[in-house]
Each structure stands twice: as C-alpha cells, then as structure tokens.
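# What the coordinates show
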Amino acid sequence: MASSPSTFSAPLRSLPCVLMRAGTSRGPFFLRDWLPADERLRDQALIGAIGASDLLQVDGVGGGNSLTSKVAIVSRSNEPSCQLDYLFAQVGVGQSSVDTRPNCGNMLSGVVPFALEQGLVDADDGETTVRVFNVNTKSRIDVTVLTPNRRIRYDGLTSIDGVAGTAAPIRLNFLDAWGAITGKLFPTGRRVDELHGVRLTCIDAAMPLMIVQAAELGLAGTESPAELDANLPLLEKLESLRRAAGELMGLGDVSTSVVPKPVIVSAGEDASSIRSRYFTPKRCHASHAVTGAIGVATAFALPGTVASSELPIRGVRKLTVLHPQGRIEVEVKVDGEGEAATIERAALVRTARKIFQGELHLPDYVFSQPADTAEFPSKPITLVVPTSQGGGNDAMARAIAEQLGTLLGQQVVVDNRAGANGTIASDYVATAAPDGHTLILGYIGTHGMNPALQALGYDPVSDFAPVGRIGYSPTLLVANAATGPASVKALAMGARTWRYASAGTGTAPHFAAELFRLNAGVKLQGVAYRGSAPAVADVLEDRCQLMFPSLFTALPHVQAGRLKALAVAGPERLDALPEVPTLKELGIAGVEVLQWYGVFAPARTPPDIVARLNAALNAVLADPAIARRLQAHGTQIAASSPEEFGALVKAELGKWKQVVQQARLTAD
C-alpha cells in the first residue's frame, strides 16, 4: 500500500488503513502521514474509525471493548539510534475520546511488521531487529521479527494465552524499563518495606509496582479476578497500602494516579514461575499487562524482594508470570549476585497478524464541527507538568485535574514533561494550538526565576495567556534527619562542604540555596535534578544532605521524621511547623522565596475560553475537600482572575531579574 497522505471526500472521508491483531489487542494501524496533521482533526478521524461514540461501536472497526479500541500511529523516527516512532492512542468506548498518555505493549508487537510492509524500514534475511521509540512514554524497545527472504512472516508455531491458534514469534526487548518513572529500580532504597504491618516491595520496572505476597493478605493467590473484586475489605486495604507506597516511592499523593499498580504474588508451578494478580489499580486485571509482567519478573529474578525466587537466578533465564488466563514468559538477563545483582535486559514474546488492509471510510458526522468553531472543550484537556512524577507540582496538578475535568465535561490528563528545568514543557505548551486543550501548571521557576536567569526559547509573558493562580507555598531549608547538619548554626560553623539538591537550574530550590550560600557565607555544592521528586529522594538517601523545597513537597517527609526542617526561607514562621524559625530570625537576611503556582494556556487562546477555564479552576479551588488537601501539604490557596495572575508574573519576572543581577547568579 502506498504511503500517500490521507484524502477526504464528502460526505464520506477515506484514508488508508491496516487492521491488525497485535498481542491480545486489535486495532487499526496508520502511517502518521495518512492522518490529518491537526491533532483535533486526527482525533476526530480516530473516533470515526473506531466508532467510539457507540458502546457497541457498530459504526466503526472497534469491538465494543477497550482491548479492541486501540490505534497505532507509526512514522520514521528522528530520535538518535531509533528507526521508528510509535504513538499509541486509546480510543473511547461509548464516548468520543482519544487518550495518547499510556503505552500499549501488545499493540507495539504489530508496529514493525506494519512498518516493513509500508517500506519505512528494510528487512534483513532471516530476522530483522528494529529499535522503536514509544512517543507516549519516551522509551526505547528493540523489536525482532522473522523475515525469511526479506519478507515479514506472520505464520508460525508460537502461541500466547488469550489468542487462538499459533503465529510467528515477535520479540520485544525493553531497554528503558528500570527506574523509568522514579529514576530508581527500588525507589525507596530498599528491596522490602513494611507498611501498616504488611511487608511489600516497591519497584519501578517498566511500571511502578507495589508487590505483596498473597499470604500477607490472607489469600492463596489463586483467586479469580471476580473473587478479588468482590472482596471490598481487600480492595480498601490495597488502596491504603498503595497510597502509602506512593508517598514512600517519591510519587507524592497518588490518590488520583494509576501508579503504583498493586500486585499480589504467590508461588508458581516450578522454580522458574510466579503467580500474579495485577490490579489496574482498583480492579483486578482479567489477565496481565505486558509492562506489569516485566516488573513482576524483575522482582522474581532479583534476590531480597517479597517476590524473589527461592533459588538464585543468574545469567539468561526464561521466567513465567502466571495470570488468570494463562501465562506470559519473560526472558531476563541477570548480572551479578546478591544485593549487587541487576537486570541487564528483559524481553518477552508476542505475536501479531494482519487482518485486512485497504481504504477506511469515515462518517461525516465526526467532522460536523470545524476545528476552529467546535464547542470548547471538544476533547480531553492536557495539563502539562514541567517536573517529574511524584514531586510537589505533580501532586498539585493531580489534586485539581479530576474535578476540573468534571466541571468542564472532559477528562483532564496530567502529562509530565520534565527536563531542561521546565523549558521542555514550557516550549511545548507555548507552541501548542491556542484552543484551551493544552495547559501548563506553571510556577515561579518556569515563569519567573529561570527566564530571569537565562535566555530561553519562550517568553513567560508574551507566549502565554494566564488562566489563574492556584496558590503559594513557603520554602523550607531541610536536611537529612540522620546525616545532615542538626541546625543552621551547625551548618554555618562547620568546615565541611555540604551538598544541596535542587529541582534544576533556575528553580526555587536552586535560587534559595544560592542566596543562602551568598548571605550566610557557607560552603555548598549544588547538584541539579530533573524535578523535586528525584532531588528529595537523593537527600533522603544521603547522596545530598540539604535542600530548599517547597513546604508542599517537604512536609510529608518532615512529618515522617526522614527530613529535618532547619529554617523557613520566608518572612514568617509557618502554622504547620510553628517551632521552626525563619532564616531572618537566625541572622541570615535576604533569603525569602515564596513559591507560587498557576495555570497558563498558550498565547492567543480566545478570551472566552480563558474565562471558562478560570471559572472552573476557581470553582475547584473553592471546594473544601480540595482546599483541605492542598493546605494539608502546606499550600495557601490564592485564586485570582487572569488579569491579576498576569500582573503577578510580570512583577515576579522583574523582581528576579534584579536578584540575578545583584547576586551575580549564573546558569552554570
């Protein structure tokens, strides 16, 4: 099939399409050039292709189930060392929605066969390995397929549970699975933790998981999904453990997040297998997620976890994850022994089959509203967070996203785009379509300090339309409770050069630390991270001893006794920590950093859309439950109009430019 651009003709619009069964999923595969370049038109085309508006999906190629309402969009990659880009889209069942936030390992298995037939990559004789970049999760996967005589082969003798018959094997080798979200394979620094009297393992391997032995919960581990879903006390206990584990893993408040996923494990059939019940997170999966299988197999292969094999696993081994509908085999390579053991790679086998290829006709009604006149909001709204998952900004975004979506009548999806000290996320939103469907949770770092410190690719004033302020959070000076200095006096008098962690150059923790260093005359060495979550994690692990986080970020760790609050970098003491003095009280002036947060849309967003977003945001902030949730973490709510928030940004930018000049701060 030629890879020509899509063509549309009224009243039916048509485009090339290949329908494939990939793993245990099914859906249409498209070249990116076959679909409209405009994201809204693209999503309308996908909704029409699947027939998403109807629960039965009789007017499209969907199957009335989330497993058969999936789409793969494929193109050549611009990523270094990668050959293909794969964008996964989950289309709604009974609702007109398209979600490009998650990844799907099953649909991934059809990407390379599809790309070979479309001429995007060349086949080798015998077998072909292609490196795929998953656009959704920004991760790399090596995919190996059989290509005798340089042609893709679909038939073979490999079977996978959940699919009738056999087919040719397709090998998926995940390269960026370990610590992909939290930065560490074991985010707590331990292979076993105890929460509420239950021993569990927190692991980040392809997907952050909280793994518990079935016996710890009074279970056999062989229960069916229906039995587990009917056990309400068990579900409540799992959710309580999951939320506590999320805090411990540095993910913050996970009450509105789907990670970490709870997993209940028990003994398998032999020394190379483990039985798993995977939750999504509030219902037991009918079978098992591919990414979850990698995490369970990793915990099984490494010693010292609650899921570890009784016998040592070394070298290359094929492990089996048993689930309610059968099994998934995962090949792992283990290097080292004992606590030094690591997983070098993890791979598993799926199969795929082309069902048909041809021309897909789309109903005209999905395009009945032109993109520039469609009622707002016409699709899910993306709220971009410029820091990694688990930090204070992320927790704040997730606290307001669900209710904001309810008020606006569309899902609000939180999209973490950490990197370059907020520049990646800010650039992305500044250049997004000015239609209100892409927003950013901006803060003092992205729209005040970092632009004051250095020239960036975006302008914090002219490139954004302020929607409204969320509130303020004071800044604390904290130390590792066990190894850090006991007081500011001890810090100032010591001869040691202490290491401080920051959320990145140009962020509030960086500015506060440098102002403290200059005004207190102490020796400090800075270490910049991609957000507050990994920075706090390394202070907790004593890789750094100090940090100036927001109260929102620090308070849970201070209350848990793992961080010691030494001083407030602000004008007055805090109600949450009344015994902690200000730096000014301790004789160190000039270090007052009050962190603020708010929501921005791209510049040129229509004023009526900004007004609607502002009204919805302020209504969320006025909700007592949301207010208590944010205030419990140390954020003072301060809603505003768009105009008031815009004036604040301009004033803050001028203020921090003056501080940079006076203190001679640099980005180095």
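For the structure, check the block above.
One structure accompanies this document, and this report is about it.

What counts and what doesn't
Residues numbered from 1 in each chain as written. Predicted model: local features only at pLDDT ≥ 70, side-chain atom pairs only at ≥ 80, totals over all residues. Heavy atoms only, no water. Patch = residues over 30% accessible without salt bridge, like charges linked within 9 Å, V, L, I, M, F, W, Y side chains within 5 Å. Areas by Shrake-Rupley, 256 points an atom, 1.4 Å probe, with all protein chains shown as cover. Salt bridge = Lys/Arg side-chain N within 4 Å of Asp/Glu carboxyl O. Lys, Arg positive; Asp, Glu negative; His and termini not counted. Charge placed at Lys NZ, Arg CZ, Asp CG, Glu CD. Helix = DSSP H or I, 4+ residues; strand = E, 2+ residues; numbered from the N terminus. Pairing = 2+ DSSP bridges. Contact = heavy atoms within 4.5 Å. Axes fitted to C-alpha atoms, helices over the stretch in contact; angles between N-to-C directions. Expected span 1.5 Å × (residues − 1). Phe/Tyr/Trp six-rings, centres within 6.5 Å; stacked < 30°, edge-to-face > 60°. Buried < 20%, exposed > 50% of the residue type's maximum accessible area, 1.4 Å probe, protein only. Lys NZ or Arg CZ within 6 Å of the ring centre and 35° of its normal. Core = buried A, V, L, I, M, F, W, Y, C linked by side-chain atoms within 4.5 Å. Right-handed = clockwise from strand over helix to strand, strands pointing away.

### Topic: a negative patch on the surface
On the surface, D122, D124, D125 and E127 cluster together into a negatively charged patch. Mapped onto the secondary structure, D125 falls in the loop between α3 (111–117) and β6 (126–134).

### Overview of the sheet that holds strand β19 (residues 412–416)
The mixed open sheet is built from six strands, whose spatial order is β19-β18-β20-β27-β21-β28. Only two strands of the sheet have a single partner each, and these edge strands are β19 and β28 (636–637). Here helix α14 (residues 607–622) sits on the sheet and contacts β20 (438–443), β21 (464–474), β27 (594–602) and β28; the angle it forms with β21, its principal contact strand, is near 20°.

### As for helix α16 (residues 642–663)
For α16, spanning 22 residues, the distance from its first C-alpha to its last is 31 Å, which sits close to the expected 32 Å at 1.5 Å a residue. For α16, the elements touching its buried residues are α9 (444–453), β21, α11 (508–520), β27 and α14. Among the residues trailing α16, R664 stands out with phi positive, at a value near 55°.

### Notes on the packing of aromatic side chains
A complete count under the given rule lists nine aromatic pairs for this structure. Aromatic side chains F511 and W656 sit 5.5 Å apart centroid to centroid with 85° between the ring planes, which places their arrangement in the edge-to-face category. Of the two residues, F511 is situated in helix α11 and W656 in helix α16; the sequence distance between them amounts to 145 residues. Like F511, the residue W656 is buried in the burial classification. A ring pair is formed by W596 and F645, whose centres lie 5.9 Å apart and whose planes are at 85°; its orientation type is edge-to-face. Of this pair, W596 sits in strand β27 while F645 is found in helix α16, placing the two residues 49 residues apart along the sequence. Comparing W596 with F645, the two get one shared label, buried. In textbook terms, an aromatic cluster arises when at least three aromatic residues are bridged by ring pairs, as seen for Y458, F464, W596, F600 and F645. The positively charged end of R496 is found above the aromatic ring belonging to W498, 4.1 Å away from the centroid.

### Digging into the sheet that holds strand β25 (residues 546–547)
Strands sit in the order β24-β23-β25-β22-β26 across an open sheet of five strands; the sheet is mixed. Two strands lie at the open edges of the sheet, namely β24 (524–528) and β26 (563–568), each paired on one side alone. Looking at chain direction, strand β23 (residues 498–502) and β25 are connected through two bridges and run parallel. Each residue of the ladder has a partner; that of A501, found in β25, is M547. Sheet strands in contact with α11 are β22 (476–480), β23, β24 and β25, and its direction is about 150° off that of β23.

### Notes on the side chain of T635
Take T635: it is sitting in the loop between α15 (624–632) and β28. Residues contacting T635, with those up to four places away along its chain left out, are M396, Y472, S473, F552 and L630.

### As for the pattern of salt bridges
Under the definition given, this model contains 22 salt bridges. With a shortest N-O distance of 2.9 Å, R242 and E239 are connected by a salt bridge. Separated by three residues within a single helix, R242 and E239 lie in helix α5 (residues 232–248), roughly one turn from each other. The burial state of R242 is the same as that of E239; both residues are buried. Here the salt bridges share partners, and the residues they tie into one network are R171, E331 and R345.

### Thoughts on the nonpolar core
Ranked by internal contacts, the top residues of the largest apolar core, which has 91 residues, are F30 and L84. The biggest single contributor to this core is helix α6 (residues 290–301), with eight residues. Discounting residues that sit within four places of it in the chain, F30 has contacts with L15, P16, C17, L35, L46, A49, V71, A72, I73, V74, F114 and L360.

### Let's talk about the pairing of strand β2 (residues 25–31)
Most of β2 is tucked away: six of the seven residues are buried. Note: strand β1 (residues 13–22) against β2, five bridges, orientation antiparallel. Its bridge partner being in β2, M20 is matched across the sheet by G27. Between β1 and the antiparallel strand that follows it, β2, lie two residues; G23 among them carries a positive phi value of about 60°. Alignment of β2 against strand β3 (residues 70–76), held across three bridges, turns out to be parallel. Paired with F30 across the two strands is I73, which belongs to β3. At this point the chain moves from β2, through helix α1 (residues 39–50), to the parallel β3, and the crossover so formed is right-handed.

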